[in-house]
Amino acid sequence: MAGETTEIVLSKQDLRAVTAFAAACAEVVLDIFETDQPDDSRPREAIDTAWDFARGGERGKALRDAAWAALKAAKCVETAAAREAAWAAMSAAGAAYLHPLVKATQVKHILGAAAHAARAAELAAGDDRTVGAAHLEQALPRATPAVVDVLARFPAAPAGGGRVGELIRTLDADLRTRAVVMPEGQ
């Protein structure tokens, strides 16, 4: 359609804020992976690389390689919880590659690490969904106003995606509510 926006303006600072949020969410369940695979540092390296970018480093090959390595680490685990924790780490490194496209699927780049972390915690607790809900509550204050602002530029999270998709949609709705009630400049 004529006049329809197809791209969202994202600054490097926007990407750094989103990546910091993702890294903070993923690192809280890193121990789930490391208990399962104590000699595999790939998810930790993905989170460290995400933090490096969030704190001013370059967005380049190191981030992509770390994300791919964490994804490969997820295939080497003994438990579903450890797999989700590795996916959270992969999502943290991948958050720096949020695309400026007006597509609901891009919300996964913003909230995927938090959702995979919540799912890892649920599974580690015997698939206790109240644990996942608690992790999402803990993720809310990690989302700075800059993260909420970036999220609000995108359409709401898409349907599907199983339990992780549900967690993404729950967090998306909660953060969008925050965007509405936050005073300007906060």
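The preceding data block contains the structure.
Summary of the structure given here. (Residues numbered from 1 in each chain as written. Predicted model: local features only at pLDDT ≥ 70, side-chain atom pairs only at ≥ 80, totals over all residues. Heavy atoms only, no water.)

**Topic: the packing of aromatic side chains**
A full pass over the atoms with the stated rule returns zero aromatic pairs. Positioned above the aromatic ring of F53 is the side chain of R16, whose terminal nitrogen or guanidinium carbon lies 4.6 Å from the ring centre. (Phe/Tyr/Trp six-rings, centres within 6.5 Å; stacked < 30°, edge-to-face > 60°. Lys NZ or Arg CZ within 6 Å of the ring centre and 35° of its normal.)

**Considerations on helix α6 (residues 107-124)**
For α6, with 18 residues, the first-to-last C-alpha span of 25 Å sits near the 26 Å given by 1.5 Å per residue. Burial within α6 is extensive, with 14 of its 18 residues counted as buried. Positive phi shows up at G126, right after α6, with a value of about 75 degrees. (Helix = DSSP H or I, 4+ residues; strand = E, 2+ residues; numbered from the N terminus. Expected span 1.5 Å × (residues − 1). Buried < 20%, exposed > 50% of the residue type's maximum accessible area, 1.4 Å probe, protein only.)

**A word on a negative patch on the surface**
Taken together, the side chains of E27, E45, D48 and D52 make up a negatively charged region of the molecular surface. When residues in the negative patch are grouped by element, the largest group, three residues, is from helix α3 (residues 42-54). Mapped onto the elements of the fold, D52 is located in helix α3. (Patch = residues over 30% accessible without salt bridge, like charges linked within 9 Å, V, L, I, M, F, W, Y side chains within 5 Å. Areas by Shrake-Rupley, 256 points an atom, 1.4 Å probe, with all protein chains shown as cover. Salt bridge = Lys/Arg side-chain N within 4 Å of Asp/Glu carboxyl O. Lys, Arg positive; Asp, Glu negative; His and termini not counted. Charge placed at Lys NZ, Arg CZ, Asp CG, Glu CD.)

**Observations concerning the pattern of salt bridges**
Counted according to the given criterion, the structure contains eleven salt bridges. For E34, the salt bridge identified is with R44, shortest N-O distance 2.7 Å. Of this pair, E34 sits in helix α2 (residues 30-36) while R44 is found in helix α3, placing the two residues ten residues apart along the sequence. Note on E34: relative accessible area 22%, which makes it partly exposed. Connected through shared salt-bridge partners, R119, E122, D127, R129, R163 and E166 make up one network.

**Some remarks on the packing of α6 against helix α7 (residues 129-139)**
Packed helix pairs are specified by the crossing angle of their axes together with the interaxial distance, meaning the distance between the axes. The N-to-C vectors of α6 and α7 enclose an angle of 145 degrees; their axes lie 7 Å apart at closest approach. Judged by the twist between their axes, the crossing of α6 over α7 is right-handed. Where α6 approaches α7, its residues A114, A117, A118, A121 and E122 are matched on the opposing element by R129, V131, G132, A133, H135, L136 and A139. For the contact of α6 with α7, the per-class residue count stands at eight nonpolar, two polar and two charged. (Axes fitted to C-alpha atoms, helices over the stretch in contact; angles between N-to-C directions. Left-handed = near helix turned anticlockwise from the far one by under 90°. Contact = heavy atoms within 4.5 Å. Nonpolar A, V, L, I, M, F, W, Y, C, P; charged D, E, K, R; others polar.)

**Comments concerning the packing of α3 against helix α4 (residues 61-74)**
Look at α3 against α4: their axes get within 8 Å of each other, and the N-to-C directions meet at 155 degrees. When the axis of α3 is compared with that of α4, the two are roughly antiparallel. Remark: the crossing between α3 and α4 carries left-handed chirality. On the side of α3, the interface is formed by R42, P43, E45, A46, T49, A50 and F53, while α4 contributes A62, L63, A66, A69, A70, K72 and A73. Here the contact of α3 with α4 is built from residues that sort into ten nonpolar, one polar and three charged. (Parallel < 35°, antiparallel > 145°, perpendicular 65-115°, else oblique.)

**Regarding helix α8 (residues 145-152)**
Restricting attention to buried positions, one finds in α8 the residues V147, V148, V150 and L151. Seen from one end, α8 has its buried residues packed into an arc of 160 degrees, which puts them on one side. (Arc of directions from axis to C-beta.)

**Observations regarding the side chain of R163**
Within the secondary structure layout, R163 lies in helix α9 (residues 162-181). Once residues within four sequence positions are removed from consideration, R163 is found in contact with R119, E122 and R129.

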